[in-house]
Amino acid sequence: MYALVDATSFYASAEKVFDPTIRKKPVVVLSNNDGCIVAASPEAKNLGFPKFEPYFKLKHVLNKHGVVIRSSNYELYADLSEKMMNTINQFSDQSYVYSIDESFLKFDGYASIVDSWYNYGHLIRRTVWRRTKLPVGVGFGPTPTLAKAANHAAKKFTDATGVAVIHDEVTRQEVLSRMDVSNVWGIGRRLTKKLALMGINTALDLAQQSPKHMRRQFSVVLERTVEELNGHQCLEWDQVKQRKKEIYSTRSFGERITDPPALKVALVTHCSIVAKKLR
């Protein structure tokens, strides 16, 4: 059995950890230099504020609804992420940090120890909350892809409780039938459009396709995804590490700079930080 544990709206939730007075308020986190919204708490999402929208376009509306605005602080997020991962890792002897707010767990020989995966998931949630004050979702499945699907169900379905388990054919079909194909692990927007033209709209539609046909039409990666959705493990988590999309160091000056040497020093410093992250 595999599990995927990830934090809900991690950056926004982290801001609530550092400032408990805003815990029940809608919160959005802005990118470096406060350009775009990069994270929104569930309360802010319910008000209709999407991610990756320019802040200046929504500033007036955000203020009108009393949304708390925070500038991103990645150093603090990294510290809190480490604490969260250390807590999650105590629940299995095999773990793999997939991203700053997601971790896979693998359970070999736990069937005789764990009476209920559902209860075990809630134990993980309670422990993470007690130690970090971060809300997390937990999904269990026989393959990494199904664990990811269960995690989606644990957080996004209308009857979600924070934990979902795919442990038999009934739960597998129920979760996949309610899940849009775009939410399947590794299915991007372009591929979603191509699959829609073939009448494949849900995760269950994709699971019912011939793996060999998907390989001929698209790639071996999609073939493996179909196999995984049917409970046949063919991926290891170190094969699917989330691709890093950008590396940056962009903290701006507090005031306008007119001195070229000072600007040069700042640029060199930023380049040095980025090179260190790249290494």
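In what follows, the structure referred to is the one given above.
Residues numbered from 1 in each chain as written. Predicted model: local features only at pLDDT ≥ 70, side-chain atom pairs only at ≥ 80, totals over all residues. Heavy atoms only, no water.

**Re the packing of helix H4 (residues 74-88) against helix H5 (residues 117-132)**
Inclusion rule: Each axis is a line fitted through C-alpha atoms, and for a helix only the stretch in contact is used; angles between axes span 0 to 180 degrees, taken between their N-to-C directions. Numbered from the N terminus, helices here are DSSP runs of H or I no shorter than four residues, and strands are runs of E no shorter than two. Left-handed describes a crossing whose near helix is turned anticlockwise from the far helix through less than a right angle; right-handed describes the clockwise counterpart. In what follows, residue pairs with any heavy atoms lying within 4.5 Å of each other are defined as contacts. Residues were grouped as follows: Ala, Val, Leu, Ile, Met, Phe, Trp, Tyr, Cys and Pro as nonpolar; Asp, Glu, Lys and Arg as charged; and all remaining residues, including Gly, as polar.
Contact geometry for H4 and H5: axes closest at 10 Å, N-to-C directions at 145°. The two elements H4 and H5 meet at a crossing, and its hand is right-handed. Contacts between H4 and H5 involve Leu80, Lys83, Met84, Thr87 and Ile88 on the former and, on the latter, Thr127, Val128, Arg131 and Thr132. Residue classes in the contact of H4 with H5 are distributed as four nonpolar, three polar and two charged.

**Topic: helix H6 (residues 144-156)**
Here is the rule: Between the first and last residue of a helix there are one fewer steps than residues, each counted as 1.5 Å, and that sum is the expected span. The classification of residues rests on relative accessible area computed with a 1.4 Å probe and restricted to protein chains. Under 20% of the type maximum is buried, over 50% is exposed, and intermediate values are partly exposed.
The end-to-end C-alpha distance of H6, which contains 13 residues, comes to 18 Å, matching closely the 18 Å that a straight helix rising 1.5 Å per residue would cover. Burial analysis of H6 places eleven of its 13 residues in the buried class, the great majority of the element. Those residues of H6 not exposed but buried are Pro144, Thr145, Leu146, Ala147, Lys148, Ala149, Ala150, Asn151, His152, Ala153 and Ala154.

**Observations regarding the nonpolar core**
As a rule of thumb, nonpolar side chains are buried together in soluble globular proteins. Going by this rule: Here the nonpolar core consists of buried residues drawn from Ala, Val, Leu, Ile, Met, Phe, Trp, Tyr and Cys, with membership extended through side-chain atoms lying within 4.5 Å.
Grouped together as the largest cluster of nonpolar side chains are 35 residues, with contacts concentrated most on Tyr120, Ile124 and Phe140. At the level of secondary structure, the elements contributing two or more residues to this core comprise strand S1 (2-7), helix H1 (10-18), strand S2 (27-30), strand S3 (37-40), H4, H5, strand S7 (136-141) and strand S8 (163-165). Per-element tally for this core: the top contributor is H4, with six residues. Counting residues in each nonpolar core, the second largest holds 25 residues, with Ala150, Ala154, Leu191 and Ala207 among its members.

**Side note on the pairing of strand S6 (residues 102-106)**
Note the cut-off: One bridge is not enough; two strands pair if DSSP finds at least two bridges between them.
Burial of S6 is extensive: five of the five residues sit out of reach of the surface. Covered by surrounding structure in S6 are Glu102, Phe104 and Lys106 together with Ser103 and Leu105, the residues of both alternating faces. Here S1 runs beside S6; their pairing, made up of five bridges, is antiparallel. Bridged to Ala3 within S6 is Leu105. Where strand S5 (residues 94-99) meets S6, five bridges bridge the pair, whose relative direction is antiparallel. Within S6, the residue paired with Val97 across the bridge is Ser103. Where S5 folds back on S6, the antiparallel hairpin that results is connected by two residues.

So yeah, pure geometry; function would need other evidence.
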